Amino acid sequence: MIKSTDARLKAADRTKTDPKKKGKSDEPKISERPQGSSAMFFQYNTQLGPPYHILVDTNFVNFSIKNKLDIIKTMMDCLYAKCIPYITDCVVAELEKLGPKFKLALRIIKDPRFERLNCMHRGTYADDCLVQRVTQHKCYIVATNDKDLKRRIRKIPGVPIMNVAMNRYVIERMPDAFEPMSKK
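Criteria and thresholds
- Residues numbered from 1 in each chain as written.
- Predicted model: local features only at pLDDT ≥ 70, side-chain atom pairs only at ≥ 80, totals over all residues.
- Heavy atoms only, no water.
- UniProt positions renumbered as here; feature names shortened; annotations may be inferred.
- Core = buried A, V, L, I, M, F, W, Y, C linked by side-chain atoms within 4.5 Å.
- Buried < 20%, exposed > 50% of the residue type's maximum accessible area, 1.4 Å probe, protein only.
- Helix = DSSP H or I, 4+ residues; strand = E, 2+ residues; numbered from the N terminus.
- Contact = heavy atoms within 4.5 Å.
- Salt bridge = Lys/Arg side-chain N within 4 Å of Asp/Glu carboxyl O.
- Axes fitted to C-alpha atoms, helices over the stretch in contact; angles between N-to-C directions.
- Parallel < 35°, antiparallel > 145°, perpendicular 65-115°, else oblique.
- Left-handed = near helix turned anticlockwise from the far one by under 90°.
- Nonpolar A, V, L, I, M, F, W, Y, C, P; charged D, E, K, R; others polar.
- Pairing = 2+ DSSP bridges.

The chain is annotated in an unreviewed UniProt entry as rRNA-processing protein FCF1 homolog of Anopheles dirus. On record in UniProt, under Subcellular location (unreviewed entry), the comment for the chain is "Nucleus, Nucleolus". Regarding the chain, the relevant UniProt record gives this comment under Sequence similarities (unreviewed entry): "Belongs to the UTP23/FCF1 family. FCF1 subfamily."

Have a look at this one:
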């Protein structure tokens, strides 16, 4: 092997550059990252605060009925503050598609205390709708028991998740949330 400092080599041969890559090493690398939300400050979402805005999913309503929990009252007991539950058109359409078996769930979400959010997109897949709404506006807590939806929302920084567990509501990923009687 000849060393690169050998006197027999010419100056052009001393550099180990590939003729195909000429000029590309001088250009700075451009990496594209999505801009972080202005609501996030040191991993804490500053837009979350009472009254809490809670996006409710279809199966959250069904689990609440199975566990005989009053949705709004139990939300307030969990968060110790006023809560405003929001229902999207997709969630209502999903409940309507499920048929007469879920008539009680439909009657509950049509309560005037639930705020209705209109959807501007096509289709009625509620999970995509909720994920899209939460990525755009970080002011919501998502109430769901769906494993796939929870996995998708955990990837979005600053969005807490509320679910039904042990006959009560439990909230995860919220710094100042208190889980009542978590280990008893």
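Caption draft 1: Molecular detail of the nonpolar core. In this structure, Ile-54 and Met-162 are the most contacted members of the largest nonpolar core, which totals 33 residues. Ranked by residues supplied to this core, first place goes to helix α3 (residues 71-79) with five residues. Contact partners of Ile-54, with chain neighbours within four places excluded, come to Met-75, Leu-79, Cys-83, Ile-84, Pro-85, Tyr-86, Ile-141, Ala-143 and Met-162. Residues Leu-117, Val-134, Leu-149 and Val-159 belong to the second largest nonpolar core, which totals 14 residues.

Caption draft 2: Up close: the pattern of salt bridges. Scanning the entire structure with this criterion turns up seven salt bridges. In this structure, Glu-96 engages Lys-110 in a salt bridge whose closest nitrogen and oxygen atoms are separated by 3.8 Å. Of the two residues, Glu-96 sits in helix α4 (residues 89-97) while Lys-110 sits in the loop between α5 (103-109) and β5 (115-117), which places them 14 residues apart along the sequence. On the basis of relative accessible area, Glu-96 is assigned to the partly exposed category, the value being 44%. According to the relative accessible area criterion, Lys-110 is exposed, its value standing at 52%.

Caption draft 3: Structural view of the packing of helix α6 (residues 126-136) against helix α7 (residues 147-154). Close contact between α6 and α7 brings their axes to 10 Å; oriented N to C, the two are set at 20 degrees. In terms of axis orientation, α6 runs roughly parallel to α7. Crossing of α6 against α7: the hand is right-handed. Taken together, the residues of α7 that come into contact with α6 (itself represented by Asp-127, Asp-128, Leu-130 and Val-131) are Leu-149, Arg-152 and Ile-153. By residue class, the composition of the contact of α6 with α7 is four nonpolar, no polar and three charged.

Caption draft 4: Seen up close, the sheet that holds strand β7 (residues 161-165). The strand order β5-β4-β3-β6-β7-β8 describes an open sheet built from six strands, whose pairing is mixed. Pairing within the sheet leaves two strands with one partner each, and these edge strands are β5 and β8 (168-172). Between one strand and the next, the sheet's axes are offset by a mean angle of 35 degrees, whatever the strand orientation. For β7 and β8, the ladder comprises five bridges, and the chain directions are antiparallel. Along β8, the bridge assignment pairs Asn-163 with Val-170. Docked against the sheet, α4 engages β3 (52-56), β4 (83-88) and β5, running at close to 65 degrees with respect to β4.

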